[in-house]
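Tertiary structure, described
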Amino acid sequence: MPSLDKAFGIHEQAMNIYARRTELLAGNLANADTPGYKARDLDFKALLSDYATREAGGTGSSMQATHANHFGGMGADGMGGDPLYRSPMQPSIDGNTVDSQVEKAAFMENSVRYQATMNFIDGRMRSLRKALRGD
Amino acid sequence: MSMFKVFDIAGSAMSAQSLRLNTTASNLANADSVSSSTNETYRARQPVFAAMLEEASGAQRAAGAGVQVKGIVESQAPLRQLYDPNHPMANEEGYIFMPNVNVVEEMANMISASRSYQANVEVVNTAKQLAMRTLSLGQS
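Before going into details, it helps to say that this report is about the structure given with it. (Residues numbered from 1 in each chain as written. Chains lettered and ligands numbered in written order. Predicted model: local features only at pLDDT ≥ 70, side-chain atom pairs only at ≥ 80, totals over all residues.)

Turning next to the interface of chain B and chain A. Between chain B and chain A, the contact holds 33 residues from the first and 32 residues from the second. Counting only elements with at least two residues in the side of chain B that touches chain A, the list comes to helix 1 (3-29), strand 1 (45-51), helix 2 (58-61) and helix 3 (103-135) of chain B. With ten residues, helix 3 of chain B is the largest single contributor of residues to the side of chain B that touches chain A. Class assignment for the residues of the side of chain B that touches chain A results in 18 nonpolar, twelve polar and three charged. (Contact = placed C-beta atoms within 7 Å. Helix = DSSP H or I, 4+ residues; strand = E, 2+ residues; numbered from the N terminus. Nonpolar A, V, L, I, M, F, W, Y, C, P; charged D, E, K, R; others polar.)

Here it is, written out as structure tokens:
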């Protein structure tokens, strides 16, 4: 019987990544008209497999602080992985690489995935409760 | 919970875009404000947007960035000078000065600003739905 900490499995981490991605994509949409702004996004697959490696006892791909004076880096929140810059399909003359349509689609897709993850967690909670009640 | 930052980000964008709508309205309203000297003539105003600098603290660095309005600049394009000696505002040489507002450009600006505003309203709505749904996790 695995401990209750792991009751939600990978979904807990997935939800964290989706929440972070929501924020990044909102930032992209907010800066759709800002000159010189570069659109950013997360590599979900890399982040999740990084998490899986760390769960399995590995070090993952994020930088390790092996000295007290090392900076925490992006992975300081335990989620590892820097946001990556999107390669623009239609770069504009003011240096902005945000494509509103692409960002909107990504934002919607991300929110659907977030809701799917919440459904998984909900289901897990229901079955746990059922097991506890025993009815 | 980082979902709450989405409201700040989208909110900053909404206020920046509404300021852009304000300057556009001002430019369109003054498109025909005639004057008798170059110094008194209205010049087209445009806001300058910049991404907000992110906090340097580790966990916050990866977060999305809001928008800030750096300032409002007046267009340096030449004013339109018309010869109209019968105009009440004409100067001694019979010239009047028209603002350098490009009405077509302003209309395009207005549509762009309102579309961007709508996109951010949508972001706020979606984020709200996600947050409400997260709050009700496990209550069903």
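This part is about the environment of B:Ser116. Locating B:Ser116 in the fold gives a position in helix 3. Taking the C-alpha atoms as reference, B:Ser116 lies 9.7 Å from B:Ser18; in sequence the two are 98 residues apart. Excluding residues that lie within four positions of it along the chain, B:Ser116 makes contacts with A:Ala32, A:Asp33 and B:Gln17.

With that settled, consider the packing of helix 1 (residues 11-30) of chain A against helix 3 of chain B. With their axes 10 Å apart at the nearest point, helix 1 of chain A and helix 3 of chain B run at an angle of 165 degrees to one another. If you check the angle between helix 1 of chain A and helix 3 of chain B, you find them roughly antiparallel. For helix 1 of chain A against helix 3 of chain B, the interelement crossing comes out left-handed. Along its contact with helix 1 of chain A, which presents A:Thr22, A:Ala26, A:Leu29 and A:Ala30, the element helix 3 of chain B presents B:Ala119, B:Asn120, B:Val123, B:Ala127 and B:Leu130. Here the residues of the contact of helix 1 of chain A with helix 3 of chain B sort into seven nonpolar, two polar and no charged. (Axes fitted to C-alpha atoms, helices over the stretch in contact; angles between N-to-C directions. Parallel < 35°, antiparallel > 145°, perpendicular 65-115°, else oblique. Left-handed = near helix turned anticlockwise from the far one by under 90°.)

Shape is all these values report; function is a separate question.
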